[in-house]
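Each chain, written out:
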Amino acid sequence: MVKRLQQLQMVQILGRNRTYLPWIDGQTTTTTSNGPNTKEDCVYNYACSMLSLGLVFQEFEDAIREGDGDREERIWKLLLLIFKAKVRRKGSRTKYAFEAFRYIALLESLLTPRMAHKLKWGRFVNTSGGHGKNIACDMRVELFRSKTKELLSGIGGKMDEKNSQKVVKAQQKLDAVVLNFDQECGVNPQCKTHTKLSSENDVENMLYDLQKINVFQFRAGRQHKAFPDHAKSILEDLDMGKVLTWVQRLVKRFSKSHQTVDEQDESDNEG
């Protein structure tokens, strides 16, 4: 309890001396508009859009941890629209949208039901056991590559293709030996996720700033100087007509070739 009070006091001190999120400082960067958007609260809109995107990201991570292929597919469909949404002054993320569409197309039509099932549910792996401890297969490959690099570093001057192949082929058996040894000795399994620094103090500082300016309390005419006229949803300005045309063009190409096209095709990746 004492530690908690000390943390809150520190947050208050930091809040008086500086703003953790400088763009929400009400005295310097938040203004009241007299223009056509006087009925909108762009500060409130920005906070809502950031919150919604953060929740989508957390939902995506949770779907991976739970190994839920159906939920991940639904999130990819939402991400497809988010990537196609045109961000002011930056344009849309069409390359990412193409990858999202290709994944959905593989599941829905391009693959056989058997292969589609393997693709949807074979994207996760649980190497430590337990509920909600799945990791993405890409992460598993990254961990495998990291261990292989450690073994290759021990070769020293004898590094060549032949010795490298021996190390790679022995990697899986070495992992099995290490796992068996750890289980016999009661050693806790190694964490399979990236190490993250504690963000507790940062979160408290940001919450103090957000509460100070009441970003989730609607006030008409409020806006950020850095990015005025911010929409409440990133999908608000999405032109679904153009998205439909883009999807129909890709579907037509896929139906002719019966295979995914190269994502570098400029005709399919433009707006």
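Before any of the text, the structure's been laid out above.
These figures come from a predicted structure and were not determined experimentally.

A. Up close: a nonpolar patch on the surface. A surface patch of nonpolar side chains, amounting to about 300 Å² of accessible area, comprises Leu51, Leu55 and Phe216. With respect to the helices, strands and loops of the structure, Leu51 is situated in helix α2 (residues 42-66). By relative accessible area, which is 45% here, Leu51 ends up partly exposed.

B. Spatial organisation of the packing of aromatic side chains. Counting across every chain of the model gives five aromatic pairs. Between Phe83 and Tyr96 the ring centres are 5.5 Å apart and the planes differ by 40 degrees, which places this aromatic pair in the tilted class. Residue Phe83 is located in helix α3 (residues 69-84), and its partner Tyr96 is located in helix α4 (residues 94-110); the two are separated by 13 residues in the primary sequence. Each residue in the set Phe60, Trp76 and Tyr103 is aromatic and connected to the rest through ring pairs, giving one cluster. Directly above the aromatic system of Trp246 lies the positively charged group of Lys84, at a separation of 4.5 Å from the ring centroid.

C. Fine view of helix α8 (residues 200-213). Given a rise of 1.5 Å per residue, 14 residues ought to cover 20 Å, and the 20 Å separating the end C-alpha atoms of α8 matches this to within 8%. Within α8, the full set of buried residues consists of Glu204, Asn205, Asp209 and Ile213. For α8, the arc enclosing every buried residue in end-on projection is 165 degrees, short of the 170-degree limit, so these residues lie on one face. One or two positions beyond α8, positive phi appears at Asn214, with a value near 55 degrees.

D. Seen up close, α4. Look at α4: only 21 Å from first C-alpha to last across 17 residues, short of the 24 Å you get at 1.5 Å a residue. Where α4 is concerned, the buried positions are Thr94, Ala97, Phe98, Ala100, Phe101, Arg102, Tyr103, Ile104, Ala105 and Leu107.

E. Highlighting unusual backbone geometry. The phi dihedral of Asn214 is positive, around 55 degrees, even though this residue is not glycine. Classification of Asn214 by relative accessible area gives partly exposed; the value is 36%.

F. Expanded view of the packing of α4 against helix α5 (residues 113-121). One can describe the packing of α4 onto α5 by two numbers: an axis separation of 7 Å at closest approach and a directional angle of 140 degrees. By the criterion of interaxial angle, the relationship of α4 to α5 is oblique. Across from Tyr103, Leu106 and Leu107 in α4, the residues of α5 making contact are Ala116, Leu119 and Lys120. Per-class residue counts for the contact of α4 with α5 are five nonpolar, no polar and one charged.

Criteria and thresholds
Residues numbered from 1 in each chain as written. Predicted model: local features only at pLDDT ≥ 70, side-chain atom pairs only at ≥ 80, totals over all residues. Heavy atoms only, no water. Patch = residues over 30% accessible without salt bridge, like charges linked within 9 Å, V, L, I, M, F, W, Y side chains within 5 Å. Areas by Shrake-Rupley, 256 points an atom, 1.4 Å probe, with all protein chains shown as cover. Salt bridge = Lys/Arg side-chain N within 4 Å of Asp/Glu carboxyl O. Helix = DSSP H or I, 4+ residues; strand = E, 2+ residues; numbered from the N terminus. Buried < 20%, exposed > 50% of the residue type's maximum accessible area, 1.4 Å probe, protein only. Phe/Tyr/Trp six-rings, centres within 6.5 Å; stacked < 30°, edge-to-face > 60°. Lys NZ or Arg CZ within 6 Å of the ring centre and 35° of its normal. Expected span 1.5 Å × (residues − 1). Arc of directions from axis to C-beta. Axes fitted to C-alpha atoms, helices over the stretch in contact; angles between N-to-C directions. Parallel < 35°, antiparallel > 145°, perpendicular 65-115°, else oblique. Contact = heavy atoms within 4.5 Å. Nonpolar A, V, L, I, M, F, W, Y, C, P; charged D, E, K, R; others polar.

What is shown is where atoms sit, not what they do.
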